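Residues per chain are reported as follows:
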Amino acid sequence: MKGGIGYKLLYGCTYAVSLLPYSLLYVLSDVFYLLVYYVVGYRKKVVRKNLSTSFPEKEKQELRKIEKKFYHWLCDYFVETLKLLSVSDATLLKHIEFRNVEALEQCFDDGQACAAMLGHYGNWELLSATALSLTRWKESNNEHKSAVMGLIYHPLRNKVFDQLFIQLRQRKQGTCIPKKDILRYLAKYRKEQRMSLFGYIADQNPKWENIHLWLPFLNHDTPVFTGAERIIRKMNNAVFYVEMERPQRGKYVCTFRLMTREPGKLEEYALTHQFFQMLEETIQRAPQYYLWTHNRWKRTHEEFQRRSKDEGGRTMDSLREGESTKEKS
């Protein structure tokens, strides 16, 4: 195990906790919930603002119920993620079920790599175990070269925690690739004729300079990243939306829903629009499993236009529309 003293101490403590059975981990989660929600009030103002503006039609009492369920799930997410350090494959597959993986394997059979678009919904960390559900594209199978299952991630500033999360995500045959390096790795896998499935957490909040598109999402005019779509179109990946459900505590169902196998034939940004529409439908069904603690709508379209005006008074939006029109002509 690589890392300095700080990492080894963190890993040792985390691993020890992960050895607890799920039943005791959920008791621990219940204690965390009382502390996080009632004592600390972790980001409660942000959560309440996000919920009230996303669901203006809901009464305050209903919003409070969603809020409490959210914090309870957030604590569950924490202990479920720690459990990845020691849980066996067989035990983990009792807690997460992967559906429609045969569609992924069909794409691989046809020589087409895949991309999965997902949001901060349910326990996205468990998707690192997708490789466990494949039957014909594992390392032990000689019929094919093993497929690469991975997640594109933004490295954490804290190197100790960054190393821990890489360990968590790679323990179940997953591969973590920093987002700045993903194109190079995808080109490498294609040259090696290796199939791959990489997950893009596509509902991140972009910085001002990375905003290229605004769209309606949860009753907000929302700035979104378009990098996932650009990479997918460039690599001509089959694209799947990751639908995650939590029918009961300790049980997740992950369904890979095909969006398209021909992303290059879609209009620009159509894939991004489709993803956010599907994600919103998922959230509307069970909003308590979305990550409401992020201050997702702190950047407004009005301020973006003010910041991005050039010397001629034109906004960045108008400049981009002009460039798009010029390209089409």
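Note that the structure is predicted; figures quoted are calculated from it, not measured. Starting afresh in each chain, residues are numbered from 1 along the sequence in its written order. Given that the model is predicted, a residue must reach a pLDDT of at least 70 before its local features are reported, and side-chain atom pairs must reach 80 or more before they are shown or counted; all residues, however, enter totals for whole chains, interfaces and linings. Excluded from the side-chain calculation are hydrogens and water; included are all heavy atoms of the structure.

*Asks:* Help me understand the pairing of strand β2 (residues 114–118) in this model?
*Replies:* Put simply, side chains in a regular strand alternate between the two faces of the sheet. Among the five residues that make up β2, five are buried, leaving the element largely enclosed by the rest of the structure. Using a 1.4 Å probe on the protein chains alone, a residue whose accessible area is under 20% of its type maximum counts as buried, one over 50% counts as exposed, and one in between counts as partly exposed. Helix numbering and strand numbering both begin at the N terminus, where a helix is a DSSP run of H or I of at least 4 residues and a strand a DSSP run of E of at least 2. Alternating residues of β2 divide into C114, A116 and L118 and A115 and M117, and every residue in both groups is buried. Pairing of β2 with strand β5 (residues 196–201) involves five bridges; the strand directions are parallel. Residue A115 lies in a different strand from β5, and its bridge partner there is F198. When DSSP locates at least two bridges between a pair of strands, those strands are taken to pair.

*Asks:* Which parts of the structure should I look at to understand the packing of helix α2 (residues 22–40) against helix α4 (residues 60–83)?
*Replies:* Working note: a packed helix pair is described by the angle between its axes plus the distance between those axes. In the contact formed by α2 and α4, the axes pass within 8 Å of each other and the chain directions differ by 135°. When the axis of α2 is compared with that of α4, the two are oblique. Between α2 and α4 lies a crossing of right-handed hand. Where α2 abuts α4, its residues Y22, L25, Y26, S29, D30, F32, Y33, V36, Y37 and Y38 lie against E67, K68, Y71, H72, C75, D76, F78, V79, E80 and K83. Residues belonging to the contact of α2 with α4 are distributed by class as follows: twelve nonpolar, two polar and six charged. Axis angles are defined between N-to-C directions and span 0 to 180 degrees, where every axis is a line fitted to C-alpha atoms and, for a helix, only to the segment in contact. Should an angle fall under 35 degrees it is called roughly parallel, over 145 degrees roughly antiparallel, and 65 to 115 degrees roughly perpendicular, with every other angle called oblique. Note: crossing handedness is left-handed where the near helix turns anticlockwise from the far helix by less than a right angle, and right-handed where it turns clockwise. Working rule for contacts: check all heavy atoms of both residues, and any pair within 4.5 Å makes them a contact. For this classification, Asp, Glu, Lys and Arg are treated as charged, while Ala, Val, Leu, Ile, Met, Phe, Trp, Tyr, Cys and Pro are nonpolar and the rest, including Gly, are polar.

*Asks:* Would you mind showing me how to read the pairing of β5 here?
*Replies:* A large share of β5 lies buried, amounting to six of its six residues. Burial along β5 is two-sided: S196, F198 and Y200 facing one way and L197, G199 and I201 facing the other are all buried. The sheet contact formed by strand β3 (residues 148–153) and β5 spans four bridges and is parallel. Each bridged residue has a counterpart across the sheet, and for V148 the counterpart in β5 is S196.

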